[in-house]
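Observations on the model geometry
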Amino acid sequence: MSRARRLSGAGVALVLVLLIAGLQPAGTSGAAKKFTVGSMIWNTTIPFYTNLIKGEQDAAKKYGVTLILRNGEGDLSKEVAVIQQFVAQKVDLILAFGTDATRAARGATSSIPIVMAAVSDPVASGFVASLARPGGNVTGTSLLIPDLARQTAATAEGSRAQGQSRDCSVEP
């Protein structure tokens, strides 16, 4: 397993641990309430998600969190149904990977905390008020890199085509 892939799984595990720690009432050991996290994975057959899933499972096991992991199979209607199930089950936190899953989660609940990942532009999508102060019940990571977006827009002026590619399997 490459270093980049190990770091990806470790990063997700760390985020999950921090979220769990933040959910526990102050002054408690966490034994009073077991937390349940619903994780909506866009498509578990994509190799990238293998490490993500392992990281989530390892962190959940280590910290005594119930993890409900669901596969959207790359189908928006399945993602929406899964998110609605999480809300009906009254999970303590929803992990939503991608813009569509985040949109479904935000539309389904305003009270359950939602952690988004891999969202293109959470401000323009209306998920958060700003990157610095998200407000509401949604927070997380974005694919938006403001300096890169400005550079791309400046470079694109007058060009007929543009694109960007990144190989996440290459070690830094």
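The written sequence of each chain sets the order in which its residues are numbered from 1. Totals for whole chains, interfaces and linings use all residues, but because this is a predicted model, local features are given only for residues with pLDDT of at least 70 and pairs of side-chain atoms are given and counted only at 80 or more. Neither water nor hydrogens contribute to the side-chain values; these are computed over all heavy atoms in the structure.

**Details of the side chain of Thr 102**
Each helix is a run of H or I in the DSSP string that is no shorter than four residues. Each strand is a run of E no shorter than two, and both are numbered from the N terminus. Locating Thr 102 in the fold gives a position in helix H4 (residues 99–108). Buried residues are those whose accessible area, probed at 1.4 Å on protein chains only, stays under 20% of the maximum for their type, while exposed residues exceed 50% and partly exposed ones sit between those limits. The buried category is assigned to Thr 102, whose relative accessible area is 0%. Only heavy atoms enter the contact rule, under which two residues are in contact if any of them lie within 4.5 Å. Setting aside chain neighbours within four positions, we find Thr 102 in contact with Ala 96, Met 116, Val 119, Phe 127 and Val 138.

**Here's the deal with H4**
When we look at burial in H4, the residues that qualify are Thr 99, Ala 101, Thr 102, Ala 104 and Ala 105. Looking at the buried residues of H4, the elements they touch are strand E1 (36–41), helix H3 (76–89), strand E3 (93–97), strand E4 (114–119) and strand E5 (138–142).

**A look at the nonpolar core**
The biggest cluster of nonpolar side chains holds 18 residues, and the ones touching the most others in it are Ile 83, Phe 86 and Ile 94. Mapped by element, the contributors of at least two residues to this core are H3, E3, H4 and E4. With near-sequence residues (within four places) excluded, Phe 86 lies in contact with Gly 38, Ser 39, Met 40, Ile 68, Arg 70, Val 91 and Ile 94. We define a nonpolar core as any set of buried Ala, Val, Leu, Ile, Met, Phe, Trp, Tyr and Cys residues linked to one another through side-chain atoms lying within 4.5 Å.

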